[in-house]
Amino acid sequence: FEQHYAQIAPALYAWASLRLPRSMRVGPLDPEDVLQEVWLRALKGLQKYDPERGSFRVWVLGIARKVLLQGLDHARRSRIDPVLAGSTTALERVPDSVTAVSKRIARDDSMRRFLEYAESLEAADRDILIHCGLEQVPCGEVAVRVGLSPEATTKRWQRLRSGLRESAW
């Protein structure tokens, strides 16, 4: 579990950071706390993971979507902390190894630069980066979501990947 966590955590942190509205990225919907809540739920539900239904990463992103939607819904309805119901108690039970990785990712300079880069992209390119890169959704499906042709989406994704490879990330 920790090996999977170490491999997926940076992409999940970036995903949560880019999915959270800018106004909610501090406090109760901090990407670091979202990441830890996702991993707590994943650890609790590990016996439900079926590798035949999809990769571990896709399964964890499904959990992340639920955590994020619940947090955003609760924040819109109540504006009361904590956003994630029971998160204060739950997060106290997160293993130190998980917390340490989350904190390291949050403070990582290359993560900060990646997020700045992603936020500087036009909306369609940012969506392609999120869906194709972080969520690993095929370009054909992403094309429908962003309103571009599959060819244009594939070409944009190739350019984004090339640019990311050339940078320090």
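Residues numbered from 1 in each chain as written. Predicted model: local features only at pLDDT ≥ 70, side-chain atom pairs only at ≥ 80, totals over all residues. Heavy atoms only, no water.

1. Digging into the confidence of the model for the protein chain
This is how it is decided: pLDDT: the predictor's confidence for each residue, scored from 0 to 100. We call two residues in contact when some of their heavy atoms are within 4.5 Å.
Residue-level pLDDT values for the protein chain average 81, and 79% of them are 70 or greater. Across residues 80-92, where pLDDT falls below 50, the model places 21 contacts with residues more than four positions away in sequence or in other chains.

2. Focus on the environment of Arg41
The condition is simple: Every helix listed is a DSSP run of H or I at least four residues long, and every strand listed is a run of E at least two residues long, numbered separately from the N terminus. Throughout this description, buried means an accessible area under 20% of the type-specific maximum (1.4 Å probe, protein chains only), exposed means over 50%, and partly exposed covers the range between.
Considering the arrangement of structural elements, one finds Arg41 in helix α2 (residues 31-44). Judged by its relative accessible area of 26%, Arg41 falls in the partly exposed class. Between the C-alpha atom of Arg41 and that of Val67, which follows or precedes it by 26 residues, the distance is 8.9 Å.

3. A few points about the packing of aromatic side chains
Going by this rule: Pairing of aromatic rings covers Phe, Tyr and Trp, the last counted by its six-membered ring, and requires centre-to-centre distances within 6.5 Å; plane angles under 30 degrees mean stacked, over 60 mean edge-to-face, and any other angle means tilted.
Evaluated as defined, the whole model comprises 5 aromatic pairs. Ring geometry for Tyr5 and Trp39: centres 4.5 Å apart, planes at 85 degrees, overall edge-to-face. A residue pair is termed long-range when its members are at least 10 positions apart, and Tyr5 in helix α1 (residues 2-19) and Trp39 in helix α2 qualify at 34 residues. Here Tyr5 matches Trp39 in class, with each residue buried.

4. A few points about the pattern of salt bridges
It is possible for side chains bearing opposite charge to pair when their charged atoms get close. Applied cut-off: By convention in these notes, a salt bridge is any Lys or Arg side-chain nitrogen within 4 Å of a carboxyl oxygen on Asp or Glu.
Under the criterion given, the structure shown has 9 salt bridges. Residue Arg112 is joined to Asp109 by a salt bridge in which the shortest nitrogen-to-oxygen separation is 2.3 Å. Note that Arg112 and Asp109 are positioned in helix α6 (residues 109-120) at a spacing of 3 residues, about one turn of the helix. When its relative accessible area of 40% is taken as the criterion, Arg112 is described as partly exposed. For the salt bridge of Glu122 with Arg156, the shortest nitrogen-to-oxygen distance reads 3.2 Å. Separated by 34 residues along the polypeptide, Glu122 in the loop between α6 and α7 (123-134) and Arg156 in helix α9 (residues 150-166) bring together distant segments of the chain. A cluster of three or more residues bridged by salt bridges with shared partners is formed by Arg19, Arg65, Glu135 and Arg145.

5. Focus on the environment of Leu61
Relative to the assigned elements, Leu61 resides in helix α3 (residues 56-78). Along the primary structure Leu61 and Val38 are separated by 23 residues, whereas in three dimensions their C-alpha atoms are 8.6 Å apart. Look past the residues within four positions of Leu61 in its chain and what remains in contact with it is Leu12, Trp15, Leu134 and Glu135.

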